[in-house]
Amino acid sequence: MPIDEGLVERVRAALGDDPSVSEVRMFGGLAFLVDGHMACGILGDELMVRLGAADADAALERPHVRRMDFTRRPARTAVFVEPAGLVDADALERWVEAGVVFARSLPPKDPRGPRAPKRRRPRP
């Protein structure tokens, strides 16, 4: 399913010109990272928001929200918000801000990127 370009532009506008924000194409969609941590993303016409376990559970009580289940294995820390929950600009901005707040709460990423696992040599 193609990405909703209108939603992409709305999320970009909600994020503003923050230099700590980057975009990465992943899992057939577009992810928005804050200091290297995923905050939110778009898959088709739905907004994925990373909130942490407690806030994701609470978000499920809201209309048009479901647990993120992209891999058929529900994520405990993220939700999908359907288009009907994003019609209002304020609602979209609140979801995006919630993802940004969660991403900023995480420890800094190693600027060198992930390290390759060490290989063990077989013993003779």
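First things first, this report covers the structure right here in the doc. The residue numbering used here restarts from 1 in each chain and proceeds along that chain's sequence as written. Only residues with pLDDT of at least 70 are given local features in this predicted model, and only at 80 or more are side-chain atom pairs given and counted; all residues enter the totals for whole chains, interfaces and linings. Water and hydrogen atoms were dropped before computing side-chain values, which therefore reflect all heavy atoms in the structure.

1. Let's talk about the overall build of the protein
Thought 1: What the protein contains, in helices and strands, is three helices and six strands.
Thought 2: The way it works is that DSSP assigns letters per residue, a run of H or I at least four long becomes a helix, a run of E at least two long becomes a strand, and they are numbered from the N terminus. When the elements of the protein are put in sequence order from the N terminus, they spell out α-β-β-β-β-α-β-β-α.
Thought 3: A 1.4 Å probe rolled over the protein chains alone gives each residue an accessible area, and that area as a share of the maximum for its type sets the label: buried under 20%, exposed over 50%, partly exposed in between. Within the span of the protein, comprising 124 residues, buried residues form 37% of the whole.
Thought 4: Restricting the contact set of the protein to residue pairs at least 6 apart, pairs at least 24 apart contribute 49%. The contact criterion used is simple: two residues touch if any of their non-hydrogen atoms lie within 4.5 Å.

2. Observations regarding helix 3 (residues 89-104)
Thought 1: For helix 3, built from 16 residues, the straight-helix expectation of 22 Å at 1.5 Å per residue is met to within 8% by its first-to-last C-alpha distance of 22 Å.
Thought 2: Regarding helix 3, the residues found buried are Ala-91, Leu-92, Trp-95, Val-96, Gly-99, Val-100, Phe-102 and Ala-103.
Thought 3: Polar contact is defined as a pair of N or O atoms within 3.5 Å, subject to the rule that within protein one atom must be able to donate a hydrogen and the other to accept it, and that residues adjacent in sequence are counted only when both atoms are side-chain atoms. Capping the start of helix 3 is the job of one residue whose side-chain oxygen sits 2.6 Å from the backbone nitrogen of Asp-90: Asp-88. A helix is expected to span 1.5 Å for every residue after the first.

3. Some thoughts on the nonpolar core
Thought 1: By nonpolar core is meant a set of buried Ala, Val, Leu, Ile, Met, Phe, Trp, Tyr and Cys residues that side-chain atoms within 4.5 Å join together. In this structure, Val-11, Leu-47, Val-79 and Trp-95 are the most contacted members of the largest nonpolar core, which totals 26 residues.
Thought 2: At the level of secondary structure, the elements contributing two or more residues to this core comprise helix 1 (5-15), strand 2 (29-34), strand 3 (37-43), strand 4 (46-50), helix 2 (53-59), strand 6 (78-81) and helix 3.
Thought 3: The element that contributes the greatest number of residues to this core is helix 3, accounting for five residues.
Thought 4: If we ignore the near neighbours within four places in the chain, the residues touching Val-11 are Phe-32, Cys-40, Ile-42, Leu-47, Leu-92 and Val-96.
Thought 5: In this structure, Ala-31, Met-38, Leu-43 and Phe-80 belong to the second largest nonpolar core, which totals nine residues.

4. Structural notes on unusual backbone geometry
Thought 1: Phi is positive for Phe-27, which is not a glycine, with a value near 40°.
Thought 2: Its location among the elements puts Phe-27 in the loop between strand 1 (21-26) and strand 2.
Thought 3: The class for Phe-27 is partly exposed, based on a relative accessible area of 32%.
Thought 4: The backbone of Asp-35 sits at a positive phi, close to 50°, despite the residue not being glycine.
Thought 5: On the secondary structure map, Asp-35 appears in the loop between strand 2 and strand 3.

5. Examining helix 1
Thought 1: The set of residues buried in helix 1 consists of Leu-7, Val-8, Val-11 and Leu-15. For helix 1, the buried positions fall inside an angular range of 105° around the axis, keeping them on one side.
Thought 2: Looking at the buried residues of helix 1, the elements they touch are strand 1, strand 2, strand 3, strand 4 and helix 3.
Thought 3: The backbone nitrogen of Gly-6 has a side-chain oxygen 3.0 Å away, supplied by the residue at the start of helix 1, namely Asp-4.
Thought 4: Following helix 1 by one or two positions, Gly-16 adopts a phi angle in the positive range, close to 70°. Think of it as the arc spanned by the lines of direction from the helix axis to the C-beta atoms.

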